[in-house]
Structure formats: structure tokens, C-alpha cells
Amino acid sequence: GFNVHFAKMGDDLSVAPGQTVLAAALAKGMRLPASCTRGVCGTCKTKLLEGKVDMQHEGGIRQREVDQGFFLPCCSKPLTDLIVDR
Ligand code: FES
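Calculation notes
- Residues numbered from 1 in each chain as written.
- Predicted model: local features only at pLDDT ≥ 70, side-chain atom pairs only at ≥ 80, totals over all residues.
- Heavy atoms only, no water.
- Helix = DSSP H or I, 4+ residues; strand = E, 2+ residues; numbered from the N terminus.
- Rg over C-alpha atoms; globule rule 2.2 N^0.38 Å.
- Buried < 20%, exposed > 50% of the residue type's maximum accessible area, 1.4 Å probe, protein only.
- Areas by Shrake-Rupley, 256 points an atom, 1.4 Å probe, with all protein chains shown as cover.
- Pairing = 2+ DSSP bridges.
- Salt bridge = Lys/Arg side-chain N within 4 Å of Asp/Glu carboxyl O.

(A) Highlighting the overall build of the protein chain. Check the secondary structure of the protein chain and you find 2 helices and 7 strands. Walking the protein chain from its N terminus toward its C terminus, one meets helices and strands in the order β-β-α-β-β-α-β-β-β. Over its C-alpha trace the protein chain gives a radius of gyration of 11 Å, about what one expects of a compact globule, namely 12 Å for 86 residues. In terms of its C-alpha atoms, the protein chain occupies a principal-axis envelope of roughly 25 × 25 × 25 Å. Counting all 86 residues of the protein chain, 35% fall into the buried class. Only carbon and sulfur atoms are counted for the fraction: they give 46% of the accessible area of the protein chain, which is about 4900 Å².

(B) Representation of the sheet that holds strand 5 (residues 70–71) within the structure. Read from one edge of the open sheet, 5 strands run 2-1-7-3-5, paired in mixed fashion. Of all strands in the sheet, those with a lone pairing partner are strand 2 (11–15) and strand 5, marking the two edges. Where strand 1 (residues 2–6) and strand 7 (residues 82–84) come together, 3 bridges link them in parallel fashion. If you follow His 5 over to strand 7, its bridge partner there is Ile 83.

(C) Structural detail: the pattern of salt bridges. Inspection of the entire model under this criterion finds 3 salt bridges. Its salt-bridge partner being Lys 8, residue Asp 85 comes within 3.4 Å of it at the nearest N-O pair. Taken as a pair, Asp 85 in the segment after strand 7 and Lys 8 in the loop between strand 1 and strand 2 lie far apart in primary sequence, 77 residues in all. For Asp 85, a relative accessible area of 27% gives the class partly exposed.

So, in C-alpha cells, the structure goes:
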């Protein structure tokens, strides 16, 4: 798995292979903004400061936002260690 560092919270999270960032966070009891949990609503949108993810969204984020470095933790699996702006 990979490590996700939450820059503002100062927290670290281990994400198992095949697990989304949000699923790992909820399993650990972390409180993150989320609603649909499947890449539709955009509620979980977060800036990715470092690293790469495999994001399989359902329209909850615009390409322009992806280009600006945002991602949806609910439908993204880490491909590297990550640092997120949360
Ligand atoms: Fe809806 Fe992530 S919770 S897009």
C-alpha cells in the first residue's frame, strides 16, 4: 500500500492495495467531506499536492480541475505515496 499525508491535519494514512483514499480514511475514523462515495457529487474534491492516483470518477470533477491538481478521494486509488491539502 501507500502512505497519504494530510498536510493541514498533520495526519498520515496507510491505504491498502485496491482501496480508495476515502475508504481507508473512513475505516480509520477520519472525518473527511464526502457524500456519494462514487465520484458523482464532487463533495470530496481535494487538492493533490504530491503524488499520482488512479481516479475512476463519474463526472464529479472537471478536466480543468484535474489539470489544476484536484482529485476525488472517494474514487481514487494511490499509485504513489500522496500529500493532500486537507
Ligand atoms: Fe461524491 Fe467523492 S463523495 S465525488
